[in-house]
Amino acid sequence: MRRLLPEPASGVDPWDAYADAPALRVGMVMSADGSVTDAEGWTDGLGGAADFRVFRTLRALTGAILVGAATARTGRLGPARLRPDLRERRGGPPAPIVVVSRSLDLDWTLPLFTAAETPTLVVTSKAALASAAAPPLPPARVIVAGDDDVDLRAAVRTLREDLGHRHLLCEGGPTLAAALIGAGLADELCLNVAPALLGGGPGHTRALGGLGAEVPVRLAALYEDEGVLFVRYLLPRA
Ligand SMILES: NC(=O)c1ccc[n+]([C@@H]2O[C@H](COP(=O)([O-])OP(=O)(O)OC[C@H]3O[C@@H](n4cnc5c(N)ncnc54)[C@H](OP(=O)(O)O)[C@@H]3O)[C@@H](O)[C@H]2O)c1
């Protein structure tokens, strides 16, 4: 990839571009007109190989990967895996995926929960766990954060301080990403902008549509690879 900002450079390794992982990074890919889903309602068709290189790198650089329950419910999110080169650079097994859910309405037989090399974690509230029709099954592990509703701040604290995942990555979807940014819990937004205008019809989900209020951002770096723009924005911390 090449760096356009701050100082132009070519032949940049994505690992070096993103190695300075903050406490909580949000990483998402979207079309140039702001859709985070392709025509099939998933993300694979958006950014191509260049996006996947950065996606895999962000995963390898993090302690845990947060996703919203609706993303898990698509059934297309597999357990985190690491390619041999990234496993060697990371120096250990993949980061766990952490599914955040208010409802616990999830299919615990998905490979995401049953076949993860590093067991998948589920963040929910005390009330949701107590009243769940089908509570999470081992090997998935539960983190209770909040009594009546999920307390994202408490969840982040538990992941960082109790479980030792100092660097967290939220991969979306937009609802969870917007909640973390809106609560002032995210330090950085890594937005990968694919060279496509998708028209925003039914089935397209808009990036960070649920933010609900302005959040000032500061451009930290800009990269390009195969037409995809990789933007790093710094976010204000609450
Ligand atoms: N382009 C990309 O980079 C990217 C990345 C990921 C996903 N996606 C796409 O995005 C779509 C899903 O996005 P989405 O915005 O609809 O859903 P989402 O953010 O994946 O999940 C929303 C769900 O997460 C839980 N949640 C979110 N915020 C919460 C909070 N503050 N407290 C407690 N729980 C919270 C709730 O789970 P419960 O419903 O269980 O209560 C909520 O319904 C999918 O189509 C997926 O393919 C795109």
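Sequence order sets the numbering: in each chain, residues are counted from 1 along the sequence as written. Where totals are concerned, whole chains, interfaces and linings use all residues; where local detail is concerned, this predicted model gives features only for residues with pLDDT of at least 70, and gives and counts side-chain atom pairs only at 80 or more. The basis for every side-chain value is the complete set of heavy atoms in the structure, and neither hydrogens nor water enter the calculation.

> Kindly report on the sheet that holds strand E5 (residues 121-124), identifying the contributing residues and their values.
A pair of strands is treated as paired once DSSP finds two or more bridges between them. Starting at the N terminus, helices and strands are each numbered in turn, a helix being any DSSP run of H or I of at least four residues and a strand any DSSP run of E of at least two. Spatially, E1-E9-E10-E8-E2-E7-E3-E4-E5-E6 is the arrangement adopted by the 10 strands of the open sheet, whose pairing is mixed. Of all strands in the sheet, those bounded by a partner on one side alone are strand E1 (2-5) and strand E6 (141-144). Adjacent strand axes in the sheet meet at a mean angle of 25° when their direction is disregarded. Bridge count for strand E9 (residues 218-225) against strand E10 (residues 228-234) is 7 bridges, and the pairing is antiparallel. Its bridge partner lying in E10, Ala 221 is registered against Arg 232. Strands in contact with helix H7 (residues 152-162) are strand E2 (24-31), strand E3 (64-68), strand E4 (97-100), E5, E6 and strand E7 (168-170); relative to E7, the strand with the most contacts, it is inclined by about 140°. Contact definition: two residues touch when any of their heavy atoms are within 4.5 Å. Angles shown run from 0 to 180 degrees and are taken between the N-to-C directions of axes, each axis being a line fitted to C-alpha atoms and, for helices, limited to the stretch in contact. This element, helix H8 (residues 174-182), spans E2, E3, E4, E7 and strand E8 (188-194) of the sheet and lies at about 140° to E2.

> Please provide a residue-by-residue account of the pattern of salt bridges, values included.
A carboxyl oxygen of Asp or Glu within 4 Å of a side-chain nitrogen of Lys or Arg is what we treat as a salt bridge. As enumerated under the stated definition, the model contains 12 salt bridges in all. The salt bridge involving Arg 87 is made with Glu 117; its shortest N-O contact spans 2.8 Å. On the criterion of sequence distance, the pair formed by Arg 87 in helix H4 (residues 84-90) and Glu 117 in the loop between helix H5 (111-114) and E5 is long-range, its members being 30 residues apart. Owing to a relative accessible area of 46%, Glu 117 belongs among the partly exposed residues under this scheme. For Lys 126, the salt bridge goes to Asp 147, with nearest N and O atoms at 3.8 Å. Linking Lys 126 in helix H6 (residues 126-131) with Asp 147 in the loop between E6 and H7, this pair joins segments that are 21 residues apart in sequence. Partly exposed residues are those whose accessible area sits between 20% and 50% of the maximum for their type, while under 20% is buried and over 50% is exposed, using a 1.4 Å probe and protein chains only. The class for Lys 126 is exposed, based on a relative accessible area of 52%.

> Tell me about the site of the ligand, residues and numbers included.
In the region of the ligand, 25 residues are neighbours, and Thr 71, Arg 73, Ser 101, Ser 103 and Thr 175 sit closest. Each polar contact in these results corresponds to two N or O atoms within 3.5 Å; when the atoms are within protein, one needs to be able to donate a hydrogen and the other to accept it, and residues that are neighboring in sequence are counted only if both atoms are side-chain atoms. In this structure, Ala 70 approaches the ligand through a main-chain N or O atom, which is 3.1 Å from an oxygen atom. The contact in question runs from an oxygen atom of the ligand to an N or O atom on the backbone of Pro 174, over 3.4 Å. Using a 1 Å grid laid over the protein atoms alone, points where a 1.4 Å probe fits but cannot get out form a cavity; open sets with protein on both sides within 12 Å along at least 5 of 7 lines form a pocket; any residue with an atom within 4 Å of a point counts as lining. Cavities and pockets are treated as containing a molecule whenever more than half of the molecule's atoms lie within 2 Å of their grid points. Assessed atom by atom at 2 Å from the grid points, the ligand resides in the largest pocket. Those elements that provide at least two residues to the shell around the ligand are E2, helix H3 (69-73) and H8. When residues are grouped by polarity, Ala, Val, Leu, Ile, Met, Phe, Trp, Tyr, Cys and Pro land in nonpolar, Asp, Glu, Lys and Arg in charged, and all others, Gly among them, in polar. When its residues are assigned to classes, the shell around the ligand shows 12 nonpolar, 10 polar and 3 charged. Looking at which domains feed residues into the shell around the ligand, each of domain 1 (14-62 + 170-238) and domain 2 (66-166) gives three or more. Any residue with a non-hydrogen atom lying within 4 Å of a molecule or strand is treated as near it. Domain extents, as shown, originate in an automatic or database domain assignment.

> How would you explain the nonpolar core if you had to name every residue and give the values?
Of all hydrophobic cores here, the largest spans 36 residues; its most connected members are Leu 24, Val 26, Leu 66, Val 123, Cys 170 and Leu 180. Two domains share this core, each providing at least three of its residues, namely domain 1 (14-62 + 170-238) and domain 2 (66-166). Excluding residues that lie within four positions of it along the chain, Leu 66 makes contacts with Val 98, Val 100, Leu 159, Leu 168, Leu 169, Cys 170, Glu 171, Gly 172 and Leu 176. Buried Ala, Val, Leu, Ile, Met, Phe, Trp, Tyr and Cys residues form a nonpolar core when they are joined through side-chain atoms within 4.5 Å.

> An account of the packing of aromatic side chains is requested, with residue identities and associated values reported.
Any two of the Phe, Tyr and Trp rings considered here, Trp counted by its six-membered ring, make a pair once their centres fall within 6.5 Å; the pair's planes then place it as stacked at under 30 degrees, edge-to-face at over 60, or tilted in between. Counted under the stated rule, the structure contains 3 aromatic pairs. Plain terms: the ring middles of Tyr 18 and Tyr 223 are 6.2 Å apart, the flat faces sit at 35° to each other, and that makes the pair tilted. Taken as a pair, Tyr 18 in helix H1 (residues 14-18) and Tyr 223 in strand E9 lie far apart in primary sequence, 205 residues in all. Take Tyr 18 and Tyr 223: they sit in the same class, and that class is buried.

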